[in-house]
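Summary of the model geometry
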Amino acid sequence: MKQTNVKWYALAVVLAAVLTLGGCAKKATPPPPPPPPPAAAPTASISVNPATIQGGQSASLTWQTSNATDVSIDGIGAVQPNGSQSVSPTDSTTYHLTAKGAGGTQEATARLTVTQPPPPPPPPTPNITDEDLFNQQIKDKGDIYFDYDKADIRGDQQSTIQADVAFFNAHPNINFTVEGHCDERGSTEYNLALGDSRASSVKNALTAAGISASRIKTISYGKEKPFCTESNEACWQQNRRGHFVYQK
Amino acid sequence: MDCLRVNSYRDTMYLQRSLPTRMNEPARPVFRRLYKKHLPAFVFLASCLFASSLWAQDWVKTGTSLGVAKVRLAVPDFKPSSGDPQNTALLKTFNDTLWNDLNVSGVVELVSKSFYPLQVPGTPAEVTFPAWNAPPPNAAMLAFGSLGVSGGKLAVQGWLYDVKNTQSPQILGKQYTDTPGDAAARMMAHRFADEIIYRLGGGLQGIAETQIYFVSDRSGHKEIWAMDYDGSNQRQITHVGSIALSPRVSPDGSRVAFSALTKSGWDIMMFSLDLNKMVSFPHLGGTNLSPAWSGDGTKLAFSSSRAGDPSIFISDATGANLHRMTTGKGPDVSPVWNRKTNAQIAFVSGRTGLPQIYTMEADGTNQQRMTDQGYAVSPNWAPNGQFLAFAWVRKYGPGEPGASDIYLMDIASKQWVQLTHDGGRNDFPSWSPDGRHMVFQSNRSGSLQLWSMLADGSKVQQLTFTGHNSQPNWSWK
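Residues numbered from 1 in each chain as written. Chains lettered and ligands numbered in written order. Predicted model: local features only at pLDDT ≥ 70, side-chain atom pairs only at ≥ 80, totals over all residues.

1. A few points about the overall build of chain A
What counts is decided by this rule: Helix and strand assignments follow DSSP, with helices taken as H or I runs no shorter than four residues and strands as E runs no shorter than two, numbered in order from the N terminus. In this scheme the burial state of a residue depends on its C-beta neighbours within 10 Å: 20 or more other such atoms mean buried, 12 or fewer mean exposed, and anything in between means partly exposed; the C-beta positions come from the backbone. Residue pairs are scored as contacts if the distance between their C-beta atoms, which are placed from the backbone, is within 7 Å.
Assigned secondary structure in chain A consists of five helices and 12 strands. Taking all 248 residues of chain A together, the buried fraction comes to 28%. The long-range share in chain A, meaning contacts at least 24 apart out of those at least 6 apart in sequence, stands at 67%.

2. A look at the sheet that holds strand β29 (residues 461-462) of chain B
All names here are of chain B. Operational definition: Note on pairing: two strands pair once DSSP finds at least 2 bridges between them.
Across the sheet, which stays open at both edges, the four strands sit in the order β26-β27-β28-β29 with antiparallel pairing between neighbours. The outermost strands of the open sheet, each flanked by one partner alone, are β26 (426-431) and β29. Looking at chain direction, strand β27 (residues 437-442) and strand β28 (residues 449-454) are connected through six bridges and run antiparallel. Paired with Met438 across the strands is Met453, a residue of β28.

3. Topic: the interface of chain A and chain B
Filter applied, for reference: Only Asp, Glu, Lys and Arg are considered charged in this grouping, and only Ala, Val, Leu, Ile, Met, Phe, Trp, Tyr, Cys and Pro are considered nonpolar; every other residue, Gly among them, is considered polar.
The partner chain B presents 28 residues to the 15 residues of chain A that form the contact. If you tally residues by element for the side of chain A that touches chain B, the top one is helix α4 (residues 188-208) of chain A, at eight residues. Of the residues assigned to the side of chain A that touches chain B, the class counts are five nonpolar, five polar and five charged.

4. Things to note about the sheet that holds strand β20 (residues 356-361) of chain B
Spelled out, the test is: Every axis in this analysis is a line fitted to C-alpha atoms, fitted for helices over the stretch in contact. Angles between the N-to-C directions lie between 0 and 180 degrees.
With antiparallel pairing, four strands are arranged side by side in an open sheet as β18-β19-β20-β21 (chain B). Each end of this open sheet is capped by a strand with a single partner; those strands are β18 (332-337) and β21 (368-369) of chain B. In this structure, β18(B) lies alongside strand β19 (residues 344-349) of chain B, joined through four bridges in antiparallel fashion. Residue pairing for β19(B): B:Trp337 is matched across the bridge by B:Ile345. Of the strands in this sheet, β18 and β19 of chain B are in contact with α4(A), which crosses β18(B) at around 140°.

5. Some details on α4(A)
All names here are of chain A. What counts, and what does not: Given a helix with a known number of residues, its expected span is that number minus one, times 1.5 Å.
Given a rise of 1.5 Å per residue, 21 residues ought to cover 30 Å, and the 30 Å separating the end C-alpha atoms of α4 matches this to within 8%. Of all 21 residues making up α4, 18 are buried, and the element is well covered by its neighbours. Once α4 ends, the next one or two residues include Gly210, with phi positive near 105°.

6. Let's talk about the confidence of the model for chain B
Put simply, the rule reads: pLDDT gives the predictor's per-residue confidence on a scale running from 0 to 100.
The predicted model of chain B has a mean per-residue pLDDT of 87, with 84% of residues at 70 or higher. Confidence drops under pLDDT 50 across residues 1-61 of chain B; counting only partners more than four residues distant or on other chains, this segment forms 82 contacts.

7. Some details on the packing of helix α3 (residues 87-104) of chain B against helix α5 (residues 182-200) of chain B
All names here are of chain B. Here is the rule: Our angle categories are set so that under 35 degrees counts as roughly parallel, over 145 as roughly antiparallel, 65 to 115 as roughly perpendicular, and the remainder as oblique. The handedness criterion is simple: a crossing whose near helix is rotated anticlockwise from the far helix by less than a right angle is left-handed, and one whose near helix is rotated clockwise is right-handed.
At a minimum axis distance of 8 Å, the contact between α3 and α5 shows a crossing angle of 30°. Here α3 lies roughly parallel to α5, going by the angle between them. Crossing of α3 against α5: the hand is right-handed. Along the contact surface, α3 presents Leu90, Thr93, Phe94, Thr97, Leu98, Asp101 and Leu102, while α5 presents Asp182, Ala185, Arg186, Met188, Ala189, His190, Phe192, Ala193 and Ile196. Its residues placed into classes, the contact of α3 with α5 shows 10 nonpolar, three polar and three charged.

8. Observations concerning the nonpolar core
The tendency in soluble globular proteins is for nonpolar side chains to be buried side by side. Note the following rule: Nonpolar cores are identified as sets of buried Ala, Val, Leu, Ile, Met, Phe, Trp, Tyr and Cys residues joined via C-beta atoms within 7 Å.
Grouped together as the largest cluster of nonpolar side chains are 128 residues, with contacts concentrated most on B:Leu73, B:Phe94 and B:Met141. A total of 10 residues in this core trace back to one element, the largest contributor, which is α5(B). The contacts of B:Met141, once residues within four sequence positions are left out, are B:Val71, B:Leu73, B:Leu160, B:Tyr161, B:Asp162, B:Val163 and B:Leu200. One finds A:Ile144, A:Val178, A:Ala205 and A:Ile211 within the second-largest nonpolar core, a separate group that totals 15 residues.

9. Focus: the environment of B:Arg186
Residue and element names in this part refer to chain B. Within the element layout of this structure, Arg186 appears in helix α5. In this structure Arg186 comes out as buried when scored by C-beta crowding, with 22 C-beta atoms within 10 Å. Along the sequence, Arg186 and Asn233 sit 47 residues apart, while their C-alpha atoms lie 9.9 Å from each other. Apart from residues lying up to four places away in sequence, Arg186 is in contact with Thr93, Thr97 and Ser232.

10. As for unusual backbone geometry
The amide bond that connects A:Asn49 to the next residue, A:Pro50, takes the cis arrangement and shows omega of -5°. Positionally, A:Pro50 belongs in the loop between β1 (43-49) and β2 (52-54). That bond from B:Pro135 to B:Pro136 is cis: its omega, 10°, falls within 30 degrees of zero. Summarising the element assignment, B:Pro136 is placed in the loop between α4 (129-133) and β4 (141-150). Here the phi dihedral of B:Asn138 falls at roughly 50°; this positive angle occurs in a residue that is not glycine. Summarising the element assignment, B:Asn138 is placed in the loop between α4 and β4.

11. Topic: the pairing of strand β7 (residues 211-216) of chain B
All names here are of chain B. Across the six residues of β7, six count as buried, placing the element largely inside the fold. Alternating residues of β7 divide into Gln211, Tyr213 and Val215 and Ile212, Phe214 and Ser216, and every residue in both groups is buried. As paired strands, β7 and strand β30 (residues 469-474) are joined by four bridges and run antiparallel to one another. Residue pairing across strands places Tyr213 opposite Asn473, the latter belonging to β30.

12. A word on the environment of B:Phe94
Along the chain, B:Phe94 turns up in helix α3. Expressed as a C-alpha distance, the spacing of B:Phe94 and B:Met188, which sit 94 residues apart in the sequence, is 7.4 Å.

13. Considering the domain arrangement of chain A
Which entries qualify depends on this criterion: An automatic or database domain assignment supplies the start and end points of every domain.
What the domain assignment lists for chain A is domain 1 (43-115) and domain 2 (130-246). Between domain 1 of chain A and domain 2 of chain A, the C-alpha centre-to-centre distance is 67 Å.

14. Let's talk about the pairing of strand β16 (residues 311-316) of chain B
Residue and element names in this part refer to chain B. The element β16 is extensively covered by neighbouring structure, given that five of its six residues are classed as buried. Relative to β16, strand β15 (residues 299-304) runs antiparallel, the two sharing six bridges. Each residue of the ladder has a partner; that of Ser303, found in β16, is Ile312. Counted along the chain from β15 to the antiparallel partner β16, the turn is six residues long, and its residue Gly308 has a positive phi close to 125°. Pairing between β16 and strand β17 (residues 323-324): two bridges, direction antiparallel. Bridge pairing in β17 places Phe313 opposite Arg324. A loop of six residues connects β16 with β17, the two strands running antiparallel in sequence, and Gly319 in this loop sits at a positive phi of about 95°.

Here's what the structure looks like:
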């Protein structure tokens, strides 16, 4: 008889415990969530195509990321996780992509090299014309100056004549005109004749040095087209000259 | 216009003094004799005057005025002969033109209008002899008349009276009619002036209807222009568009030869005044300058560098039959014919340095230097064949003032006189056909303009005022 009582007692205790525990369940703190699985690290890549451009051209910048929540490119700003964009920097640029995610931060770079456009847009380096050369080396610089009322080439002009001869020998395709000019003094008609003699003097000096006469035309302007219009010797000297003009 | 009547020519004491022979005979012998007789004396006088620096007051007198008292001529304004409102303007043109023509003619002394009586005549019936032939006017001659528009015609009647011969005073009576207009009034005045000058000036034709050709830049380019001898009626002749220079009108007045810059250089060009267009002249090559007509109009002389140094060439008026007349070093330019003989040519040469005046036979022989120093250019042969006018800077070089003046040289003796003294650069003298006047260029007014004067240097008048004007050439008739 004694054993039965114990069974019943134990049962009651258990029952009480169950009931107690059941009554208290709502008030109990939920169990902590299971820790999330460890986050995957972000990935990032960026490329530019082509990798080299000339200034003024553009290139395509393309990037991919994953596991990233915050993607940005230096100099461009925040961007979509994946994308592409046309860029046309004026100087070489390194594009620096930063992808931040739960798993950390990932960086990637792409280098775009910008070359400067070749200086002569149409490359005319070998195309300096005869006329350009003439203008650089002979126009005004090669002119021969005369004494008053004289048409002979004076001693201090010989070096200029020699330089002219050297130039025209070096550029045999250049044809040219020698203009004879005079200062304002004296008669219109006599000065035209004198200017003719001056132009002929220059021509004769060149042909004597081997320049073909067929390349040389002469004309006199007398005092009709002065270079300088003041009435003083400095100006008059400017006007007493044989002046070279390129023949197109 | 037609001549109503011309009374027979009457000698007066004045005419007898200046006209030793028949009236029809040109007075050149007088001119020549007087000039020859007096030139040395006047050259000497000139030297004295220069030496004493008194030259500014006493010009050397040459040519027509030597030893001849000029006829005192009174020219009261012509009176209106009708009531037409156009009369006022036409009378002003006529009176101004007539007065100027007579004033610059060099053959009369015009009596100042302030001496005239209050009542001036318009018809012979209105002439009061004592009012004119005694002081104050003390005129020997009286030119008077009337002008009026009537029935759509402009009519001028003019008389020349010898007021000291009260019995038979009329020397000249003329009538002109034309369509009314300023140009017609001016032309009538020119013709009447020429009639008077012909009778009082020793039988030489007047110049009032002559033309002067010249270069002007007023269009933007140097082109050939023409004007009446007194500066009126200025008009552009050529439209070359580059540079046109050195106009020379042919003796018959039908063509103007000149030099112009073309694509190939300086070419001789020919403009027909009859056709009013350019006519062809051959392209010669080289620098071709300063054409000059022979007196008979059949030949041209000019400077050309087609064969080397600028030299004098002669060709036909068409440019054919080209002959080189000068050779050697130094430029030769600016030829001019002795228009009286057609046998000599004067020109400028730089063969010895500074340009000098030379003469030669028309075949190139007998080349003679005429000027002895300085810078002498632009010769122009007098119509009588005896004188050269030219421009000369006698003392040339550093420190010299370099004034260029017009000079006159007697070719036979090489004696010369200076005609301009008024400063500036004076150049390009050209004789009038009567040999009494010259036109020349001068910058004395500050810009290059044309001036005329009597051949003794007096009666200097500015003819052009617009743009720059140069290289005048007086027509031959």
